[in-house]
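Listed below, chain by chain, are the residues.
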There are 2 protein chains.
Amino acid sequence: MSDQRATIAEAVVAAAGAFTAEELHRSLAVSAPGIGLATVYRALGAMQEAGSVTQVGQRDGSTLLARCGRDGHHHHLVCTSCGRVIAIDCPLGGSLAGREVGDGHVITRHEITLYGLCADCRAHEED
Amino acid sequence: MSDQRATIAEAVVAAAGAFTAEELHRSLAVSAPGIGLATVYRALGAMQEAGSVTQVGQRDGSTLLARCGRDGHHHHLVCTSCGRVIAIDCPLGGSLAGREVGDGHVITRHEITLYGLCADCRAHEED
DNA sequence: GTGTATGTGAGAAGCGTTCTCACTTACGCC
DNA sequence: GGCGTAAGTGAGAACGCTTCTCACATACAC
Ligand SMILES: [Mn+2]
Ligand SMILES: [Mn+2]
Ligand SMILES: [Zn+2]
Ligand SMILES: [Zn+2]
């Protein structure tokens, strides 16, 4: 593994929650300048394939990523204020796989993402 | 309402299921040539605001849209073969709204999309 | 009529992402 | 050591979807 990829992997671990490729690149510009944006994209792509980084939504036009090493079927809960990401069990209990719903439609896959405010952000709001 | 928007609205109704803006524009090129792609985007945007068209996912880089006039909280079930879209009740029963999950995270919103094969596509597969 | 608001088509622009290319680095093999 | 190959890198160009700009058209209000 190259020095750049190691640095990028550290930045991913240091990230509080969800981030975009450009945000990660900006954070690297401070601590480890000189790493190209294309390299960040390549490293994040490799981590997605390896399973340590997952796509958790979109913000504006950009893909939101987050570190998530959990394996097995699960989903994510994203704080819309601070970006914190929490892995959660599938609220459907995996019960839909191969099941028929509606008018004979057989479900092969599903996407679920929950959004809200984490405990910390709620405490800091006091509105 | 302009002639163009009426034509685009008809094409949306005629569409079998999910479609991209470009696909709709291509279908118009046959029956009603001369309508600009920007006009299609503008009309689809207006229909989204009006609530008659909804975003049901992404395919490659493009936004997938579908006609859906149903109101109230619901989600969608998309056939990955023919694009047919079926509205479904929220499988969470709306139970999550305002509820705490995980470590005190309060859910304000969620996204659910189911994918699979509709009855027709399953019948035509016989593999 | 005159003004104002809204819509239109063509192409330019924007923007996130991927690709190209020349270059470097790491490693296996002899 | 020399040498070949594979993988990674940075800069910028290219790409593709979407939005914007601009000149023009149409519709309604007064
Ligand atoms: Mn995860
Ligand atoms: Mn719907
Ligand atoms: Zn938070
Ligand atoms: Zn189908």
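Treat the numbers as computed from the prediction; the structure is a model and nothing was measured.

Trainee: Would you mind going over the protein's contact with DNA strand C with me for this structure?
Mentor: For DNA strand C, the set of nearby residues contains 17 residues, the closest of which are A:Tyr41, A:Thr63, B:Ser2, B:Thr39 and B:Arg42. Of what DNA strand C places within 4 Å of the protein, 70% of the atoms are sugar or phosphate. A distance of 2.8 Å is found between a phosphate oxygen of DNA strand C and a side-chain nitrogen or oxygen belonging to A:Thr63. When contributions to the surface near DNA strand C are tallied by element, the ones reaching two or more residues are α3 (37-50) and β2 (62-67) of chain A together with α1 (3-14) and α3 (37-50) of chain B. Broken down by element, the surface near DNA strand C gets its largest block of residues, four residues, from α3(A).

Trainee: Where do I start with the packing of aromatic side chains in this structure?
Mentor: A ring pair, where both rings are aromatic, is described by two values, the distance of the centres and the angle of the planes. All told, the structure shown has zero aromatic pairs over all chains when counted by the stated rule. Here A:Arg109 stacks its cationic end above the ring of B:Tyr115, 4.1 Å away from the centre of that ring.

Trainee: Is there a simple way to explain the relation of the copies chain A and chain B in this structure?
Mentor: A rotation about some axis, followed by a shift along it, carries one copy of the chain onto the other. Structural alignment of chain A on chain B gives an RMSD of 0.1 Å, achieved by rotating through 180° and translating 0.0 Å along the axis. Within this description, the copies of the chain are treated as partners about a two-fold rotation axis. Scanning chain A for the C-alpha nearest the rotation axis identifies A:Ile112, at a separation of 2.2 Å. When the interface residues of chain A are mapped onto chain B, 100% of them again fall at the interface, so both copies present the same face.

Trainee: What exactly am I supposed to notice about the coordination of the manganese ion (ligand 2) here?
Mentor: Note on metal geometry: ideal angles are 109.5 degrees for four donors arranged tetrahedrally and 90 or 180 degrees for six donors arranged octahedrally. Residues and elements named next belong to chain B. Only Cys68 (SG), His74 (NE2) and His76 (NE2) from the protein reach the manganese ion (ligand 2) as donors, at distances of 1.9 to 2.0 Å. A relative accessible area of 14% means that His74 is categorised as buried. Since its relative accessible area comes to 10%, His76 is described here as buried.

Trainee: In this structure, what is going on with the nonpolar core? I would like to understand it.
Mentor: Across soluble globular proteins, nonpolar side chains have a tendency to be buried as a group. Judged by nonpolar contacts, the single largest core of 20 residues is most densely connected at A:Leu77, A:Leu92, A:Leu114, B:Leu77, B:Leu92 and B:Leu114. If you list the elements that add at least two residues to this core, you get β4 (85-89) and β6 (105-117) of chain A together with β4 (85-89) and β6 (105-117) of chain B. Non-local contacts of B:Leu114, meaning those with residues more than four positions away in its chain, are made with A:Leu92, A:Leu96, A:Ile107, A:Arg109, A:His110, B:His76, B:Leu77, B:Val78 and B:Ile88.

Trainee: What is the right way to look at the protein's contact with DNA strand D in this model?
Mentor: Taken together, 17 residues surround DNA strand D, and among them A:Ser2, A:Thr39, A:Arg42, B:Tyr41 and B:Thr63 come closest. Among the atoms of DNA strand D close to the protein, meaning within 4 Å, 73% are from sugar or phosphate groups. At 3.1 Å, a backbone N or O of A:Gly34 approaches a phosphate oxygen of DNA strand D. Contact distances for DNA strand D include 2.8 Å between a phosphate oxygen and a side-chain N or O atom of B:Thr63. For the surface near DNA strand D, the secondary-structure elements that each account for two or more residues are α1 (3-14) and α3 of chain A together with α3 and β2 (62-67) of chain B. Per-element accounting of the surface near DNA strand D gives the leading share, four residues, to α3(B).

Trainee: What should I look at first to understand the coordination of the zinc ion (ligand 3) in this one?
Mentor: Residue and element names in this part refer to chain A. Every protein donor of the zinc ion (ligand 3) is listed here as Cys79 (SG), Cys82 (SG), Cys118 (SG) and Cys121 (SG), and their distances to the metal cover 2.2 to 2.4 Å. Coordination at the zinc ion (ligand 3) comes from four donor atoms whose angles at the metal span 104 to 117°, giving a geometry best classed as tetrahedral. In terms of primary sequence, the donors binding the zinc ion (ligand 3) are separated according to C-x2-C-x35-C-x2-C. Note that Cys82 is positioned in the loop between β3 (74-79) and β4 and Cys118 in the loop between β6 and α4 (119-123), a separation of 36 residues in sequence.

Trainee: Got a minute to help me understand the pattern of salt bridges in this structure?
Mentor: A full pass over the atoms with the stated rule returns ten salt bridges over all chains. Between A:Asp120 and A:Arg84 there is a salt bridge, and its shortest N-O distance comes to 3.1 Å. Linking A:Asp120 in helix α4 with A:Arg84 in the loop between β3 and β4, this pair joins segments that are 36 residues apart in sequence. Note that B:Arg122 and A:Glu100 form a salt bridge whose closest N and O atoms lie 3.7 Å from each other.

Trainee: What should I look at first to understand the packing of α1(B) against α3(B) in this one?
Mentor: Between two packed helices, both the angle of their axes relative to each other and the distance between the axes serve to describe the pair. All names here are of chain B. Contact pair α1 / α3: the axes reach a minimum separation of 10 Å and the direction vectors enclose 70°. Taken as axis vectors, α1 and α3 run roughly perpendicular relative to one another. α3 is crossed by α1, and the crossing has right-handed handedness. Every residue of α3 that contacts α1 at Gln4, Arg5, Ile8, Ala9 and Val12 is listed here: Thr39, Val40, Arg42, Ala43, Leu44, Ala46 and Met47. Classifying every residue of the contact of α1 with α3 gives eight nonpolar, two polar and two charged.

The rules behind these values
Residues numbered from 1 in each chain as written. Chains lettered and ligands numbered in written order. Predicted model: local features only at pLDDT ≥ 70, side-chain atom pairs only at ≥ 80, totals over all residues. Heavy atoms only, no water. Near = heavy atom within 4 Å. Polar contact = N/O pair within 3.5 Å; in protein donor to acceptor, adjacent residues only side chain to side chain. Helix = DSSP H or I, 4+ residues; strand = E, 2+ residues; numbered from the N terminus. Phe/Tyr/Trp six-rings, centres within 6.5 Å; stacked < 30°, edge-to-face > 60°. Lys NZ or Arg CZ within 6 Å of the ring centre and 35° of its normal. Least-squares fit on C-alpha atoms with pLDDT ≥ 70 in both. Contact = heavy atoms within 4.5 Å. Donors = N, O, S within 2.8 Å, 3.2 Å for Na, K, Ca; no water. Buried < 20%, exposed > 50% of the residue type's maximum accessible area, 1.4 Å probe, protein only. Core = buried A, V, L, I, M, F, W, Y, C linked by side-chain atoms within 4.5 Å. Tetrahedral: all angles 85-135°; square planar, octahedral: opposite > 155°, others 65-115°. Salt bridge = Lys/Arg side-chain N within 4 Å of Asp/Glu carboxyl O. Axes fitted to C-alpha atoms, helices over the stretch in contact; angles between N-to-C directions. Parallel < 35°, antiparallel > 145°, perpendicular 65-115°, else oblique. Left-handed = near helix turned anticlockwise from the far one by under 90°. Nonpolar A, V, L, I, M, F, W, Y, C, P; charged D, E, K, R; others polar.

By themselves, these are just geometric observations and shouldn't be taken as functional.
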